[in-house]
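# Summary of structural features
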Amino acid sequence: MARMLAAGSSMMSSCSQKLRAGLWLVLLGLFAATAPAWTKPDSLKEVTDSNWDKILAGEWMIEFYAPWCPACQQLQPVWKDFADWGDDMGINVAKVDVTEQPGLSGRFIITSLPTIYHCKDGIFRRYQGPRTKEDFLSFVDEQKWKTLEPISSWFGPSSFLMNLMSALFKLSMFIRRCHNYMTDSLGIPVWGSYVIFGLVTLFLGLALGLLLVFIADFVFPSRRFSSDYHQKYRSVPMIPLQDEGQEADGEEDDEDDEDDDAWRRRAGPPEVKPAYADDAVRKRTVGNRQEEEEDT
C-alpha cells in the first residue's frame, strides 16, 4: 500500500512538472509570436498634422496612402518590412493617411497614390523608383536620393504658400463633413445643403467686406473728418463768390475798357474843329433844304 502511494505521488509530481514545462513553453511561444507585432508599430511611425514638423530633422522616408487605394494596399506589407530595417539603417520610416490628414495632403500636393517622399534635414525629394524592399534599402544605403532634384523652397511643406494650401484642404474637408452630417444625420436634401452653404458664403463675404472697410478707415482716416483739417480751415476767412453772370459781365467790361484805351493811344488826340467851320456847314445845309423845298 505504501509502495502504491509512493508511486502515485511520484507520478503526480512528474505530471505537475510536465504541466509546468508545457505552460512555460506555451507562454514563450505566445511571447515570441506577439513580439514582432509589438515592435512593428514603433518601427513604422505615423505622421499627422500636429506632429509633421518632426520630419524636418533627420532622414525620413514617408508614404502617403489611402485605405481604399488598391496600389496602397499592395504596398503596405513591403513598406512594413522596409520599416523594420529603418532602425538598423538610421532612417525613420513613416506613413500618412490622406483621408485622416487632409492638411498634409495639401501641404505636399498629393495628386496620386501612393506617393513616397525622401527627406534629409528638411530637404524633400520625391521617390519615383521601383517599390520593393530591396530598392528602398539600396536607395537609402547607396544614397541614390542625391541624384534627384530637391523640391523648390517655394513649394516646400514649410513655405507660406504650402501653409495656405494646407489650410484650404482642411477647410474643404470641414465643409465636406458638414455636408455629410446635414444630409445623412439631419436628413436635409442635397440642394438644401447647397443653399445653406451659399447663404453662409454670402454673409461671410459681406461681413469680411465691412471689416475691411472699418480697418481701412481706422488705418487711413479721411481728412475731412480729422480734427486737424477743421482747425486748419476754420481760421481761413470765407470770400463770397459772385454769380457767374456778374463775373462774366465784369470781365467783358474790363476787356472793352482795355480795347478803348488801346485804340485811343493808337489814334492820338481827337481833332479839334474851329467853330466857324461848323457854322458854314450848317448854313450850307439850310440853303440846300430851302432850294429843295422851292423845287417841290
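Residues numbered from 1 in each chain as written. Predicted model: local features only at pLDDT ≥ 70, side-chain atom pairs only at ≥ 80, totals over all residues. Heavy atoms only, no water.

Of the regular secondary structure elements, the protein chain holds 10 helices and 5 strands. Buried residues in the protein chain amount to 22% of all 296 residues. For the protein chain, restricting intrachain contacts to residue pairs at least 6 apart in sequence, the fraction spanning at least 24 positions comes to 67%. (Helix = DSSP H or I, 4+ residues; strand = E, 2+ residues; numbered from the N terminus. Buried < 20%, exposed > 50% of the residue type's maximum accessible area, 1.4 Å probe, protein only. Contact = heavy atoms within 4.5 Å.)

Our next topic: the UniProt feature "transmembrane region" (unreviewed entry) in the protein chain. The positions UniProt marks with the feature "transmembrane region" (unreviewed entry) are residues 154-173 and 194-216. The straight-line gap between the two end C-alpha atoms of residues 154-173 is 24 Å; of that span, 70% is helix and 0% is strand. As annotated, residues 194-216 comprises 100% helix and 0% strand, and the C-alpha atoms at either end are separated by 33 Å. (UniProt positions renumbered as here; feature names shortened; annotations may be inferred.)

What follows is about the environment of Ala167. Structurally, the position occupied by Ala167 is in helix H6 (residues 160-185). Along the sequence, Ala167 and Gly106 sit 61 residues apart, while their C-alpha atoms lie 8.0 Å from each other.

A few words now on helix H2 (residues 70-84). Along H2, the largest kink reaches about 35° and is centred on Gln76; proline Pro77 follows within four residues of it. For H2, the full list of buried residues reads Cys72, Leu75, Gln76, Trp79, Phe82 and Ala83. (Bend = angle between axes of the 7 residues up to and from the residue.)

Turning our attention to the side chain of Thr115. Take Thr115: it is sitting in strand E4 (residues 115-120). A polar atom in the side chain of Thr115 sits 2.4 Å from the backbone oxygen of Ser112. Discounting residues that sit within four places of it in the chain, Thr115 has contacts with Ile62, Glu63, Phe64, Ile110 and Arg126. (Polar contact = N/O pair within 3.5 Å; in protein donor to acceptor, adjacent residues only side chain to side chain.)

Our focus in this paragraph is unusual backbone geometry. Between Leu113 and the following residue, Pro114, the backbone shows a cis peptide bond with an omega angle of -10°. Among the secondary structure elements, Pro114 is positioned in the loop between helix H4 (102-107) and E4. Of note, the phi angle at Gln143 is positive, near 55°, even though the residue is not glycine. By the secondary structure assignment, Gln143 is in the loop between helix H5 (133-141) and H6.

Let us now look at a nonpolar patch on the surface. A cluster of nonpolar side chains, contributed by Leu208, Leu211, Leu212, Ile215, Phe218, Val219 and Phe220, occupies part of the molecular surface with about 790 Å² of accessible area. Here Leu212 lies in helix H7 (residues 190-219). (Patch = residues over 30% accessible without salt bridge, like charges linked within 9 Å, V, L, I, M, F, W, Y side chains within 5 Å. Areas by Shrake-Rupley, 256 points an atom, 1.4 Å probe, with all protein chains shown as cover. Salt bridge = Lys/Arg side-chain N within 4 Å of Asp/Glu carboxyl O.)

Let us now look at the packing of H2 against H5. Two elements in contact, H2 and H5, have axes whose closest approach is 9 Å; the angle formed by their N-to-C orientations is 40°. As the angle between them shows, H2 and H5 are arranged oblique. Crossing angle aside, the handedness with which H2 passes H5 is right-handed. Along its contact with H2, which presents Leu75, Val78, Trp79, Asp81 and Phe82, the element H5 presents Lys133, Phe136, Leu137 and Val140. Here the contact of H2 with H5 is composed, by residue class, of 7 nonpolar, no polar and 2 charged. (Axes fitted to C-alpha atoms, helices over the stretch in contact; angles between N-to-C directions. Parallel < 35°, antiparallel > 145°, perpendicular 65-115°, else oblique. Left-handed = near helix turned anticlockwise from the far one by under 90°. Nonpolar A, V, L, I, M, F, W, Y, C, P; charged D, E, K, R; others polar.)

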